[in-house]
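Observations on the model geometry
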Amino acid sequence: MIKFVLMVNRQGRTRLARYYHPVEVSRRAALEAEVVQSCLSRKKDQCSFVEYKDFRLVYRHYASLYVVLGVTETENELSVYELVHNFLEVLDQYFSRVVSLVSP
């Protein structure tokens, strides 16, 4: 199950945050900062799945945008990874300026 979705830029600024599991508003900023730091600090040749506290982070990097999903430990990481790619392809179809993000 997906717990949250974050879209952040290279500087770590959150562009979109959506929570599907209750998280206190006061705790969200700290959670986002920790999650973003753990994903942005990884090298390109490292795996896009990260163990974090009681869930897993699945992230994908496109140009200057990082899409990070927090999922339960029972969720299939590869299917979530592909879901992120499909989501950005849909955005590309709807908004024509996303092309540079989706192309390899």
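Here's what I pulled together on the structure shown here. (Residues numbered from 1 in each chain as written. Predicted model: local features only at pLDDT ≥ 70, side-chain atom pairs only at ≥ 80, totals over all residues. Heavy atoms only, no water.)

Examining the nonpolar core
Heads up, the condition is: Nonpolar cores were defined as sets of buried Ala, Val, Leu, Ile, Met, Phe, Trp, Tyr and Cys residues, with membership established by side-chain atoms within 4.5 Å. Burial classification: accessible surface area is computed with a 1.4 Å probe over protein chains only, and a residue below 20% of its type maximum counts as buried, one above 50% as exposed, and the rest as partly exposed. A run of DSSP states H or I qualifies as a helix once it reaches four residues; a run of E qualifies as a strand once it reaches two. Both are numbered from the N-terminal end.
Formed by 16 residues in total, the largest nonpolar core has its most connected members in F4, L31, V35, L57 and V68. For this core, the element with the most residues is helix 1 (residues 25-40), which contributes 4 residues. Ranked by size, the runner-up nonpolar core spans 11 residues in total, among them V58, Y62, L65 and V80.

Describing the side chain of N9
Our working definition: Pairs of N or O atoms are called polar contacts if they sit within 3.5 Å, as long as, within protein, a hydrogen donor faces a hydrogen acceptor (for residues adjacent in sequence, only side-chain-to-side-chain pairs).
Take N9: it is sitting in strand 1 (residues 2-9). Of the polar contacts made by the side chain of N9, one reaches the backbone nitrogen of Q11; its length is 3.2 Å.

Examining helix 1
To keep things clear, this is the line we draw: In this analysis, the expected span of each helix is defined as 1.5 Å times one less than the number of residues it contains. What the arc describes is the spread of directions from the helix axis to the C-beta atoms. What makes two residues a contact is simply this: any of their non-hydrogen atoms within 4.5 Å.
Look at helix 1: 23 Å from first C-alpha to last across 16 residues, which is about the 22 Å you get at 1.5 Å a residue. Inspection of helix 1 places L31, E32, V35, V36, S38 and C39 among the buried residues, and these make up the whole buried set. On an axial view of helix 1, the arc spanned by its buried residues comes to 160°, and they lie on one face. Exposed residues on helix 1 whose side chains face more than 90 degrees from its buried face are S26, A29 and Q37. Contacts made by the buried residues of helix 1 are with strand 1, strand 2 (14-19), strand 3 (49-52), strand 4 (55-62) and strand 5 (65-71).

Some points on the packing of aromatic side chains
Worth spelling out the cut-off: Each pair of aromatic rings taken from Phe, Tyr and Trp, with Trp reduced to its six-membered ring, is defined by centres within 6.5 Å and is described as stacked if the planes are under 30 degrees apart, edge-to-face if over 60, and tilted in the remaining cases. Put simply, a charge is over a ring when the Lys NZ or the Arg CZ is close to the ring centre, within 6 Å, and near the line of the ring normal, within 35 degrees.
According to the stated counting rule, one finds 5 aromatic pairs in the structure shown. Ring centres 5.9 Å apart and planes at 40° place the aromatic pair F4 and Y19 in the tilted group. Here the residue F4 occupies a position in strand 1, and Y19 occupies one in strand 2, the gap between them amounting to 15 residues. F4 gets classed as buried once you look at its relative accessible area, which sits at 2%. Aromatic side chains Y59 and Y66 sit 6.4 Å apart centroid to centroid with 40° between the ring planes, which places their arrangement in the tilted category. Cluster of aromatic residues (ring-pair linked, three or more members): F4, Y19, Y52 and F55. The residue whose ring lies beneath R60 is Y81, and the NZ or CZ to ring-centre distance is 4.2 Å.

Observations concerning the pairing of strand 1
Our working definition: Strands are treated as partners if at least two bridges between them are detected by DSSP.
Counting buried positions along strand 1 gives 7 out of 8 residues, so the element sits mostly inside the fold. As paired strands, strand 1 and strand 5 are joined by 7 bridges and run antiparallel to one another. Pairing of N9 across the sheet is with L65, part of strand 5. Sheet topology places strand 1 next to strand 2; 5 bridges connect them, and they run antiparallel. Each residue of the ladder has a partner; that of L6, found in strand 2, is A17. Counted between consecutive antiparallel strands, the loop separating strand 1 from strand 2 contains 4 residues, among which G12 sits at a positive phi close to 90°.

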